[in-house]
Structures are given as structure tokens and as C-alpha cells.
Amino acid sequence: MNDDRLPPVAPEVTATLVENLSPRLRKRLDAAVTKLGARPTLRDGDTVTIQVDDETELRLHAPGGVVATADAITCGCLLAPACVHRAAAACAAPTADPPPDLADRPTGAAPEPASAADPAPVPDSASSPSSQEVASPAQRAAADALWSAGAAVLEAGIDGAGAVTQSALLRAAHTARIRHLPRAAGAALSVVTLLRAARAGDPSYRTADFVTALAELLGTAHRVGTASGAELDAARGRARRPYSPDGSLRLYGLFTEPVVTDSGHGGVRTWVAGTDGRLFTVGDVAPGGVGRAVGVADRAVRLGDTALTHRELGRAGLAVSGATVSPDGRLGAGKGVKAVTARGAAWTELPLAALWETPPSEQAARALRSTSRYADPDGGGSDLLFLDVELIGAVRESAGTCLLALSDSGIAVRLTVADDDPALAHRDNLMLLAAAPGTRLRIIGRLVPAPHPRLTLLACAHPTGGGTIDLGLDRLRRADLPDPAAPVHPAPPQPGGPGAHSPLYLLERRVEQTVSAGRAALGMLGDVTAETRRIRRAGLPTAAGLLTALCTSAAQRERDLFGRLLPADTDSFATHWLTAALYTAAVADSLCAAAWEPVREGPAAEPSVPDRGPGRAVAQTAQH
């Protein structure tokens, strides 16, 4: 049985079933989940049946596609309903997103589906919970429960965070959602999803993603209890993506990119620019995967009365009246929005040409504000960069082959594919471009945060003529490439910058090791003086101090008068870990921004750490 064959189960249902188990059955729960995963399933309409054994069946009833109540999971064994099978089935199934018709749906919980109407606006009055100056006692209690559940995951590590630990997270997430804390609730659900992927050996799982999700959970929970005003509003998050009126817009198409998510959604996103250089998107994403992504590109855009397809819009223009726009630049498609086709503009014509005139360092700084691991979800901004480059050639890396290019500002940039799926054109197009060194191109790419300049390549001007290429959808041919020319640079320049050889990874490695193996593994490291000395020599004294404090906290256990170990101080350790995680992310962002700056002479200094987001209050707490 595969998890994706089971219907999603509401978080509160899983939590209730696990909480109702006896202590003896809770100890058997993880084994029951594994055993149930090997049993056959049968779907009949809204009901999925699992054959527990030759005589026992387990049923999950999911009207509307989601198991919404505990009574919807039934078992035919003699111990039912107090058996372990019902809880095991809930733990094995995917976690359902909150229903879209509730006002407390976390922003970003799932890709926005195509819709003919805008989401309902969120009230912004004095009666709204988000406008209170400080968190209510109920919200602080919910945040404390989220912190405790997250700290328990950190204490146990992935291997030790089984179904019972996950159930505590799901219960805390449900409570946070009904207390109007959608950002923290969404972070908790992300932690559970990644925990299950890691424990199941999912090849798409990345430890760095788990670190980000857990730090987002702990950091947001901490901020709810300590912040006020605008910072508290950001920590609470928004229940729905707000769309604000933006009057009349004259838009010019840039390109269309395929969108394929890990949750099985697929579609496209078309980027357009306004006369003032602002970037907007028109999307169509729904369940369907990569097949839908390829097909939707040639469907009509759902915006006003235009008959343009997404591919056509990427090269044409729109005149929009009554426009509504979300903070991240999505154009609403409500009934009051009117749009008609208009003339587009070439990338070399105004207003689009101005996008390539901004220095790469300024573009990278802007993109980092939206791609930072702990960026405010409502912060807006774009992660795209617009560059004129000369292609140098292919470069092999541990993760595969990328294309090296030199920007007009003299920065060596590594260009990678946005998606390796063979149904999309990204990989084939990049390999063809790598075979044409010396070619000059105007490109659009998405910033990849790294200690050296790096982009995923999304679109480019046609190598030999007019027009543009959507590199995920349009397939280049060899006839489209110019004759190979000798590159200006005989040897490919290597990406450098202040972070190219930074020992920051020594701290990052310990942060990741903690979530993988738990506190105990970090506590057994012993002396880390050699690592901290190397970090200090590189001009990162704060990182060295954080590593020492983290390892000391992990190893610290008090004993009572009889020599018995006392319970560990999970709060203190979680605070040290969170501070280290947020610090490494902030320094990584700083190193990335510095890599896009023109090379300067002089001694290197420790990168400045932005004093923003959840890192500020947590760092102050740890230092005091």
C-alpha cells in the first residue's frame, strides 16, 4: 500500500485517534503503521478499504476526498473501536489541508487552484484577531504547545519522532488554526509531512528542507509569545491570500513557466510586467502533475475577456481594468476584472528593456527578500533576475551538469535546470545551449541562494533571431543555435565570492545532524575546539560561539542527589538550535548577496546578519 492511495486525513482526526489509544497500544503504533503499509487497498467511490488480515477490513470513508471525522475510520477487528489499526491508518495517510471554505486556511498550504473569483478578502478591522496589539492568552497557549511539540521533535530526531510525536504536532497545529495562527499551523503540518517523508525513505526528502520547516515552526511560535504590532501580525500570518484593488494596468508578457509540485499539482505561471516595471503572474495550477503542466500552456488565460493562451500571453500584452493583486503579485480573476488583448513588447523595448538595466547586485538583493528561507509570506517581491550573458560551456558538479555563463558585469554565473522531468524541455535545452560557447543571450532566471552566483534558467531570447524561448515548454533545435564560436575566456571562470570556501558548513552540519539523529547524538560529539578555531580564523566568531553553545547545551544533563539524570532542558536546547539555524540562514543570505557584488580588494569581514524576522528576538533570548 502506498500512502498516496489513502485519502487525506484531517489533522485533528489523527490526533484524536492517537490520543485515545492506551499507553500499551501507543508503543505499538509505529510498528502497526509499517505493517499496515504493506497491506493491499481497494478504492470504491469515497471509501478506501485496507485488508488488515484474511478476516479483518479497515475502512476510510472520505466524502469530498477528506476523512473529516474519527468515526469515518472503522475497523472490523475485535478490539475496535479502541484498536491500534484506526490510528495507524490515520498516521499512514497524508495530512489534509484545512478546508478552503474556512477563514483560517494557512496561506501557502497548497497551490492556488484556478478559479473564476478572487478569494474572499480578510477583514482588517479592530475586531479582527490580527489587529490586536498583543497575542491573546489563548494564542500564547497555542504557541506554547507548538513550541513544545517542535522541541520534542528536535529532542528525538527523525528516527525517534514516530506517530505519537507527530500526533502531538497535529493536535497543536489544529489548535493553532482555530486560534487564528495560520502561519504556525501551516509550519507544523509541513514538519509532519517532511517527518513522514524522511522516515519512509522518500528520495525527494532533503534535510535542509526539514531544518527550514522546523525552524519556521519554532521561530514563529516564539514570536507569537513575544512580539506585538506589525511583527505579531507577520507571526500570525494570513488565513487567506488577500487581493487588493489595483485599478487599471497595462501589462506586457515576459514568459511562461511550467509548475509541478511535490503534492501532485501541475500547471503554468505566466509572468507579465507593468509599465512601471512591477512583475505580476497569471497562473493555472491544479491537481494533475507534469502532464497537466504541458497541456495547460495552450489553454486560454482565465482573466477577463481575453482569448490568449498562456504561451501567447507570454509574448503579447493585456489591458486590465478593475485589477486585483495579491502581495506576491498574483492577478485576481474575479467577476469585476476586465481584460483585453493588447500589443506586447520585445525584451529590447521599453518598458521591458529596463528590467535588464538594473545592476545584478541590486536584483539579487531584491530576490533574496522573497527567497530567504524565513521570509514573510506576505512580503511580496520577485525572485527573478534579468541578465545579459555570454555562454562559456558546461561544468560538471556533484549534482549534475550546469551551464557556466559570464554576465556583462563580469560575474560568472552557474545556470541550472528548473526541473529535470524529461517531459519538460529544461534539461535538453540547457544541454544544447552548453554546446554553443561564445553565444550572447538575454536571459531570465530564478535566484538559487548559494555562496556563488547561481540561477535556474527559465527563459532566453532566441539565440539566432527575434522572439523568446520558454525553456520549460519550447524545445530548441540545433538549427536554432549559432555556429560554435571560440569563447572569449580560454578557461571557464570559477565562481568565487566571500562565501565560496566559507567554513559556515561546519555549523550547518551540526544543525542538520541534530534534526536527523536528535539531541543525544550531538551531545556525544565531545570537543569541537578544532571546528570552532577554523570558523574563527575565517572571520565568523559568532558562528563559532553558537557552535560551542549548541554542543554544550546538547551534552548538558543535571543529576539529582542520588546521581540520577534529571529530565533534559528541552526549551534551552531548542532555543540554542533555533538561534544557530536562523543565524546560518541569515549568513548564507548575506554571502549570496555578496557574491553578486563587484569584486573588491581588501580583507574579508564577517558578513552582516540581517536583524529581521524570527531571528532577532530568539537571538536576544539566547544571548541573555
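Refer to the structure above for everything that follows.
Not measured: the values here are computed from a predicted model.

Novice: Teacher, can you tell me more about the nonpolar core here?
Specialist: As a rule of thumb, nonpolar side chains are buried together in soluble globular proteins. Counting 69 residues, the largest nonpolar core has Leu 169, Phe 210, Leu 214 and Trp 577 as the members making the most contacts within it. Taken together, the elements giving at least two residues each to this core come down to helix H5 (137-160), helix H6 (163-178), helix H7 (182-199), helix H8 (207-226), helix H9 (229-236), helix H14 (505-517), helix H17 (541-555) and helix H18 (570-595). Considering every element that reaches this core, the biggest residue donor is H18, with 11 residues. Once residues lying within four places of it in the same chain are set aside, the contact partners of Trp 577 are Leu 154, Val 211, Leu 214, Ala 215, Leu 218, Val 511, Thr 514, Val 515 and Leu 550.

Novice: I keep staring at the pairing of strand E14 (residues 454-461) and nothing clicks. Help me out?
Specialist: Successive residues of a regular strand alternate their side chains across the two faces of the sheet. Among the 8 residues that make up E14, 8 are buried, leaving the element largely enclosed by the rest of the structure. Judged from the 3 bridges that link them, strand E12 (residues 412-416) and E14 form a sheet pairing that is parallel. Residue Thr 416 lies in a different strand from E14, and its bridge partner there is Thr 456. Pairing of E14 with strand E15 (residues 468-470), which is carried by 3 bridges, proceeds in the antiparallel orientation. Note on E15: the bridge partner recorded for Ala 461 is Thr 468. Taking the residues that link successive antiparallel strands as the turn, the E14-E15 hairpin has 6 residues, and the phi of Gly 467 there is positive, at about 90 degrees.

Novice: Whenever I open this one, the sheet that holds strand E1 (residues 41-44) confuses me. Can you help?
Specialist: The strands that make up a sheet are held in pairs by hydrogen bonds between backbone atoms, and each pair lies either parallel or antiparallel. The strand order across the open sheet formed by 4 strands is E1-E2-E3-E4, and the pairing between neighbours is antiparallel. Edge strands, defined here as strands with exactly one partner in the open sheet, are E1 and strand E4 (73-75). Sheet twist, expressed as the mean angle between neighbouring strand axes with direction ignored, is 20 degrees. Both E1 and strand E2 (residues 47-51) contribute to a ladder of 4 bridges, which runs antiparallel. Bridge assignment links Arg 43 to a residue of E2, and that residue is Val 48. Strands E2, strand E3 (57-61) and E4 of the sheet are contacted by helix H4 (residues 84-92), whose axis makes an angle of about 140 degrees with E4.

Novice: What exactly am I supposed to notice about the sheet that holds strand E5 (residues 244-260) here?
Specialist: Read from one edge of the open sheet, 5 strands run E7-E6-E5-E8-E9, paired in antiparallel fashion. In this open sheet, the two edge strands, each paired with only one partner strand, are strand E7 (279-287) and strand E9 (338-342). Ignoring which end each strand starts from, the neighbouring axes of this sheet average 35 degrees apart. Both E5 and strand E6 (residues 265-274) contribute to a ladder of 9 bridges, which runs antiparallel. The partner of Thr 256 across the bridge, within E6, is Thr 270. Those strands touched by helix H10 (residues 289-296) are E5, E6 and E7, and its axis lies near 40 degrees from that of E6.

Novice: Just to check I follow, could you spell out the environment of Ala 544 for this structure?
Specialist: Mapped onto the secondary structure, Ala 544 falls in helix H17. A sequence separation of 37 residues divides Ala 544 from Leu 507, and the C-alpha atoms of the two residues are 7.8 Å apart. Sequence-distant contacts of Ala 544, that is, excluding residues within four places in its chain, are made with Thr 532, Ile 535 and Arg 536.

Novice: Please explain the pattern of salt bridges as it appears in this structure.
Specialist: Oppositely charged side chains can form a pair if their charged atoms are brought close together. Counted by the stated rule, this structure contains 30 salt bridges. Here Arg 311 and Asp 298 are joined by a salt bridge, their closest N and O atoms 2.9 Å apart. Note that Arg 311 is positioned in helix H11 (residues 310-313) and Asp 298 in the loop between H10 and H11, a separation of 13 residues in sequence. Residue Asp 298 is classed as partly exposed on the basis of its relative accessible area, which comes to 48%. Linking Asp 428 and Arg 475 is a salt bridge whose minimum nitrogen-to-oxygen distance equals 2.9 Å. Taken as a pair, Asp 428 in helix H13 (residues 426-434) and Arg 475 in the loop between E15 and H14 lie far apart in primary sequence, 47 residues in all. Each of Asp 298, Arg 311, Arg 315, Asp 470 and Asp 474 takes part in salt bridges that share partners, so that together they form one network.

Analysis parameters
- Residues numbered from 1 in each chain as written.
- Predicted model: local features only at pLDDT ≥ 70, side-chain atom pairs only at ≥ 80, totals over all residues.
- Heavy atoms only, no water.
- Core = buried A, V, L, I, M, F, W, Y, C linked by side-chain atoms within 4.5 Å.
- Buried < 20%, exposed > 50% of the residue type's maximum accessible area, 1.4 Å probe, protein only.
- Helix = DSSP H or I, 4+ residues; strand = E, 2+ residues; numbered from the N terminus.
- Contact = heavy atoms within 4.5 Å.
- Pairing = 2+ DSSP bridges.
- Axes fitted to C-alpha atoms, helices over the stretch in contact; angles between N-to-C directions.
- Salt bridge = Lys/Arg side-chain N within 4 Å of Asp/Glu carboxyl O.

Without other data, these values stay purely geometric and don't point to any function.
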